[in-house]
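Each chain, written out:
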Amino acid sequence: MARGLELRAYQEEVVERALRGDNTIIWLPTGSGKTRAAVYVAQKHLETTRGAKVVVLVNKVHLVVQLYTKEFEPHLGRDYILVAVSGDTREKDFFGPVLKDSHVVICTAQILYNAMTSMEESKHVELSDITLLIIDECHNTHKESVYNKVMECYVEKKLKRELPLPQILGLTASPGTGGAKTLEKAVDHVLEICANLDSSIVSTKNYVSELKEKVPRPVKTFDIVEKRLKDPLRDHLKRMMEMIHEYMNVPPDLNLRESGTQEYEADVVILEQYGVRQNNRLLAQCALHLRQYNDALLINSTLRMMDAYRCLEEFYIDKLTPAIDGTDIFLQGLFQENQVELQKLARDSRYENPKMGMLETTLLEQFGPNVKSKGILFSKTRKSIYCLKDWVINNKALQEAGVKAAILTGAGPGNTHMTQQKQADTIRDFRKDKVNLLISTSVAEEGLDIPECNLVVRYGLLTNEIAQLQAGGRARAKESRYSVVADKGGKEVRRELTNECLEKLSIEAIAKVQDMSTPAFRTKITELQKQAVIWRKITEAGKREKSGRHAAASVQLLCRNCLKVVACGSDIKLLDGEHYVNVNPDFKSYYTVGGEVMIGKSFEDWEPGRTVNCSTCNKDWGFEMKYKKRALLPNVAIRKLALVTPEGRTTVKKWKDVPFTVEDFSLEKYCQDNFPDMFD
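Residues numbered from 1 in each chain as written. Predicted model: local features only at pLDDT ≥ 70, side-chain atom pairs only at ≥ 80, totals over all residues. Heavy atoms only, no water.

Going through the model one piece at a time under the given rule, you end up with 45 salt bridges. A salt bridge links Arg428 to Asp425, with the nearest nitrogen and oxygen atoms 2.9 Å apart. With Arg428 and Asp425 both in helix H17 (residues 420–431) and three residues apart, this pair spans about one turn of that helix. Measuring nitrogen to oxygen at the nearest pair gives 3.5 Å for the salt bridge that ties Asp657 to Lys656. Here the salt bridges do not stand alone but share partners, grouping Glu152, Glu156, Arg536 and Lys537 into one network. (Salt bridge = Lys/Arg side-chain N within 4 Å of Asp/Glu carboxyl O. Helix = DSSP H or I, 4+ residues; strand = E, 2+ residues; numbered from the N terminus.)

As structure tokens, this is what we get:
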């Protein structure tokens, strides 16, 4: 047994097949010790397999260090060489030698996939170099996920009998139903996950009672509030939206659903795209502003009225640029004319959101001056969790009850993201009781090593059954509480109840799959794998055809805000396989630069420069990249631009979807074009 590592009976049961060398998915609830079971399998594999190489994949950067320091290194570090590799470490650039010189490598799936597809000897690895591949949160192995890209390579090699291949060990709290509403479709989804991982799914059968004792389910409560009888701020915002509707004259074939809903947001997104395609700036700009008003309505229904007002105010402060046309004059004027009244309504405490009162009551039932509690408050957006923290800090009753709140969001660049170090510091403070309430987005639902809580609150959330199950799994203390704060008859309650049904459906589907005979299961898995390969080839061929539909020089790029032509498709080059940059020196005349961009980590060949904005309308486009300390390259987001092709105008979300081929960046050619004196 691994040094100092003992398994519970249910863990010993679920690792049996993996210890025999079978590809398996371990299905156990959050907090039951799936990772500890994986460490045990890894240790036995290292003991019994000649030249063993174990790679542990995670889907979030912060989990690399967590799994290394909390799970694998304490039990395996004395006898084996372990390395944690992420985008922040130099080892990513020498992944091949790192794997060769190590016994266990823990990394993000993207790091492994980059190494598998790299042509550089120092980075390249083959799947055959690995003997055991452990995939954390493996229910994410589907569609376009990086997990699935890694496993697509595996499956193709398997079907071609290109051996050897690593043993697969997947870990999940729930494979979900994939959106299925019937048992037959749910079974299909579970089989698809099994096929993608080339694995069977195992769970405890003989020690269910021990598992339930170890991982008790929290008591679930629906804390329901009556809707506001009067909501003057909402009514005023809706009247302003109606004025915009009348001004823009919505096309009859584009129906806008009820404002203040996610459906309305989807409608105005389509309307903005339609306006851009039709060269109708009036429609496009009105749609953008309507989306902000709709955001304010959504915030008003969930948070404080003043939060809703500030959301709108911040948008118009950012929009304080010279008006391009009458549309800008109308939209900016409409807000300015109503600003004082909106502010007045937002400050009228008679009409404050009753959900905030219910949230206060829910928290006060668990927290008190002499009560030791730990809780997580889940909300949908980064904006909402910052508003909730401000509310907690300024709430006298919560402060007297000893509530010490901190924010936990995903890692990344930007003001609303957290660095990995800040994440780790926040969780450490939570563990040491310096903080007793985490206010978090979905980042805390999955994977993070967060101590046992006696309260989980889901506030204004609409998620799937996997996210709901994982959030509930955070309330692991005995007699813990799982609260859903929602409006009476609201969507949140309906979604929670639906998710409970889907969770049961997923359990039934897994049981059906587990009851299949081994020959029938293997036949079905191979059939699904062959279908997936064929479908992928067809899809890739379609993408290649689409990307080559037009010559790059025949496509113009427009600022999506002012619709001014600013570049040509042939100006864009692909740098290091992931950055789309404009190499035309004349592009400088179309943008202005702002402040320095702070990303919070370093890169091998480049560093961020200043922000890039449209010189006509000040629309933010992206930022400059300083490449190899020589080339200054504007890195522009395609979602901030529109395209004019020989077939007409269009918009895309990602550069990989543009209808022309983007050539690779050449530093030599860039220097010839920009510094001709260097070659004299």
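The next subject is unusual backbone geometry. Note that the residue after Leu163, namely Pro164, is joined by a cis bond; omega there is 5°. When you line up the elements, Pro164 lands in the loop between helix H6 (146–159) and strand E6 (167–172). Of note in the backbone geometry, Asn249 takes a positive phi value of approximately 55° without being a glycine. As for its placement among the helices and strands, Asn249 is situated in the loop between helix H9 (232–248) and helix H10 (262–277). A relative accessible area of 61% places Asn249 in the exposed class. (Buried < 20%, exposed > 50% of the residue type's maximum accessible area, 1.4 Å probe, protein only.)

Spatial strand order, E15-E14-E22-E23: four strands in an open sheet with antiparallel pairing. Bordering the open sheet on either side are strand E15 (565–568) and strand E23 (648–650), each of which pairs with just one other strand. Averaged over neighbouring strand pairs, the angle between their axes works out to 30° when direction is ignored. Pairing analysis gives four bridges linking strand E14 (residues 556–559) to strand E22 (residues 641–645), with the strands arranged antiparallel. Each bridged residue has a counterpart across the sheet, and for Gln556 the counterpart in E22 is Val644. (Pairing = 2+ DSSP bridges. Axes fitted to C-alpha atoms, helices over the stretch in contact; angles between N-to-C directions.)

A few words on empty space enclosed by the protein. In the structure shown here, the tally under the stated rule is three cavities of 30 Å³ or more. In this structure, the largest cavity encloses a volume near 80 Å³. Put simply, the parts of the chain that give the lining of the largest cavity at least two residues each are strand E21 (631–636) and helix H21 (667–674). A per-class count over the lining of the largest cavity returns seven nonpolar, three polar and one charged. (1 Å grid on protein atoms, 1.4 Å probe; cavity = no way out; pocket = protein on both sides within 12 Å on 5 of 7 lines; lining within 4 Å. Points joined across faces, edges and corners; volume = space filled by probe spheres on them. Nonpolar A, V, L, I, M, F, W, Y, C, P; charged D, E, K, R; others polar.)

Don't take any of this as a statement about function, it's just geometry.
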